[in-house]
Amino acid sequence: MKINGQQHRTIWPDPRLKFVHIIDQTLLPHRFESVQIHSVEAMELAIKTMQVRGAPLIGAAAAYGVALAMLYDDSDASLIAACKDLLATRPTAVNLQWALQRMQTHLIAIEPKWRNINAWKEAAIICDEDVKLNQDIAQHGLKLIQDLLAQQSHTPSQPFNILTHCNAGWLAAVDWGTALAPIYAAHDAGIAVHVWVDETRPRNQGASLTAWELGQHGVPHTVISDNAGGHLMQHGQVDMVIVGADRVTATGDVCNKIGTYLKALAAFDNGIPFYAAVPSPTIDWNISNGLQQIPIEQRSADEVAWVQGRLKNGEAAQVNVLPEGSPAANPAFDVTPARLVTGIITERGVCQPDKLASLFQS
Ligand code: MRU
């Protein structure tokens, strides 16, 4: 992704392999800054506090967290402890577990003195693979958008309106993103896409991250309050919904940022295609019932109470929007049952949610 004309990924190692650079997403959209992460503990904190966030990026960040641990102590105990502590940072996105299992299995079989260099290599491979998966999702999603455009007999001047929730763009991955990858591909192919961006309370990943990255890429978009989507769907202003995912069951239940389920219900009621863009590391092949089996992260009530933004004078600020003493609850994700999902866009192609297993067989 180009930011101010310069090519960027969301995470990259220092060339001497001594530390890792990340983009501090808690500062966006008002400040674009990278920070250096020098230890596994610092990476755990970056994931917990959501300086890095989004399922694929959390996996990549955890892989580099293991590399940082191996830099200082390449023993079995250090490897196992690093994986355990990184895994505890965020429970819902299965990419974290996937990346850590891969790092641990790969490194435990290697003589300790070679673990450090191999950890950096494996983390870099995970990042490169993520970019390729998302590029493939972009192409399959582009074809889907072209098919829907043809079916819905849009005139070239009419924008194709896509609604998305949260941020499943470049910032949620290493590059390209998942849900936004087909949108970037469609825009680059000359299709007049317009994106309805759900603000996505409580942390506003839509308003602050999705809107920012779409703007950087020049994709027309409009930020809406979380409650506006159903109304727009009823009035024919949404042609398609594309969301990302943090974990998808083998049977196609889609767990994504809180509020996704409500969008799926509204889309279903209005006959609007509802797609999830899902790279294979986000599929949990071991589970078949999303509602019962996916752990939903409960985050701090402070995220509901305090809204972060910028004052009129440009200063960053946090304001409290709750009455004194009102408690708040903050479940961070919800599960959209497969029956409400029109299809899943993967690196292997697009399929109905209950056909995921056959798409990935062989
Ligand atoms: O809590 P976050 O910001 O890490 O949540 C993850 C997300 O951004 C979304 O749920 C996203 O749609 C899936 S990640 C591609």
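See above for the structure.
Predicted model only: the values in this text are computed from it and were never measured. (Residues numbered from 1 in each chain as written. Predicted model: local features only at pLDDT ≥ 70, side-chain atom pairs only at ≥ 80, totals over all residues. Heavy atoms only, no water.)

A.B. asks: Quick one: what's the story with the layout of surface pockets, residue by residue and with numbers?
C.D. replies: Quantified by volume, the largest pocket comes out at close to 640 Å³. Surrounding the largest pocket, 28 residues form its lining, Thr 26, Leu 28, Arg 203, Gln 308 and Gly 309 being those nearest its centre. Here the lining of the largest pocket gets five residues from one element, more than from any other, and that element is strand β14 (residues 306–310). Split by residue class, the lining of the largest pocket holds eleven nonpolar, ten polar and seven charged. Approximately 220 Å³ is the volume found for the second largest pocket. (1 Å grid on protein atoms, 1.4 Å probe; cavity = no way out; pocket = protein on both sides within 12 Å on 5 of 7 lines; lining within 4 Å. Points joined across faces, edges and corners; volume = space filled by probe spheres on them. Helix = DSSP H or I, 4+ residues; strand = E, 2+ residues; numbered from the N terminus. Nonpolar A, V, L, I, M, F, W, Y, C, P; charged D, E, K, R; others polar.)

A.B. asks: Talk me through empty space enclosed by the protein; I want residue IDs and the actual numbers.
C.D. replies: Scanning the model with the defined rule gives three cavities of 30 Å³ or more in all. The space that makes up the largest cavity amounts to roughly 150 Å³. Taken together, 20 residues form the lining of the largest cavity, with Arg 53, Gly 54, Ala 55, Asn 167 and Asp 246 sitting closest to its centre. Sorting the residues of the lining of the largest cavity by element identifies α2 (55–72) and β11 (254–257) as the ones contributing at least two each. The biggest single contributor to the lining of the largest cavity is α2, with three residues. Here the lining of the largest cavity is built from residues that sort into nine nonpolar, seven polar and four charged. Roughly 90 Å³ of volume is contained in the second largest cavity.

A.B. asks: Which residues make up the nonpolar core, and what are the values?
C.D. replies: Within soluble globular proteins, side chains that are nonpolar generally end up buried alongside one another. By size, the foremost hydrophobic cluster in this structure holds 41 residues, and its most contacted members are Ile 11, Met 43 and Val 66. Listed by contribution, the elements that provide at least two residues to this core are β4 (20–23), α1 (40–48), α2, α3 (76–87), α4 (94–108) and α5 (112–151). Take this core: its biggest share by element is 14 residues, from α2. What Ile 11 contacts, discounting residues up to four positions off in sequence, is Val 20, His 21, Ile 22, Met 43, Leu 57, Ala 60, Ala 61, Tyr 64, Cys 127 and Val 174. With 36 residues, the next largest nonpolar core counts Leu 28, Leu 148, Leu 214 and Ile 345 among its residues. (Core = buried A, V, L, I, M, F, W, Y, C linked by side-chain atoms within 4.5 Å. Buried < 20%, exposed > 50% of the residue type's maximum accessible area, 1.4 Å probe, protein only. Contact = heavy atoms within 4.5 Å.)

A.B. asks: Summarise the sheet that holds strand β5 (residues 34–37); cite the residues concerned and give the values.
C.D. replies: With antiparallel pairing, three strands are arranged side by side in an open sheet as β3-β4-β5. Each of the sheet's edge strands pairs with one partner strand only, and the pair in question is β3 (11–13) and β5. The average undirected angle you get between the axes of adjacent strands in this sheet is 25°. One ladder, built from three bridges, connects β3 with β4; its direction is antiparallel. By the bridge assignment for β4, Ile 11 is matched with Ile 22. In the packing of α2 onto the sheet, contacts are made with β3, β4 and β5, and the angle to β3 comes to roughly 20°. (Pairing = 2+ DSSP bridges. Axes fitted to C-alpha atoms, helices over the stretch in contact; angles between N-to-C directions.)

A.B. asks: Before we move on, could you go through the packing of aromatic side chains and cite the residues and values that matter?
C.D. replies: Under the counting rule described, the total for this entry stands at four aromatic pairs. Site record: aromatic cluster; members linked through ring pairs are Phe 32, Trp 170 and Trp 212. Above the plane of the ring of Phe 333 lies Lys 257, whose end atom (NZ or CZ) is 4.1 Å from the centre. (Phe/Tyr/Trp six-rings, centres within 6.5 Å; stacked < 30°, edge-to-face > 60°. Lys NZ or Arg CZ within 6 Å of the ring centre and 35° of its normal.)

A.B. asks: Explain the state of the cysteines to me, and be specific about the residues and the numbers.
C.D. replies: Within this structure, the stated rule accounts for zero disulfides. The thiol sulfur of Cys 83 is not disulfide-bonded, and the nearest other cysteine sulfur, from Cys 127, lies at 15 Å. The exposure class of Cys 83 is buried, given its relative accessible area of 5%. No disulfide involves Cys 255; its sulfur sits 11 Å from that of Cys 166, the nearest cysteine. When its relative accessible area of 0% is taken as the criterion, Cys 255 is described as buried. (Disulfide = S-S within 2.5 Å.)

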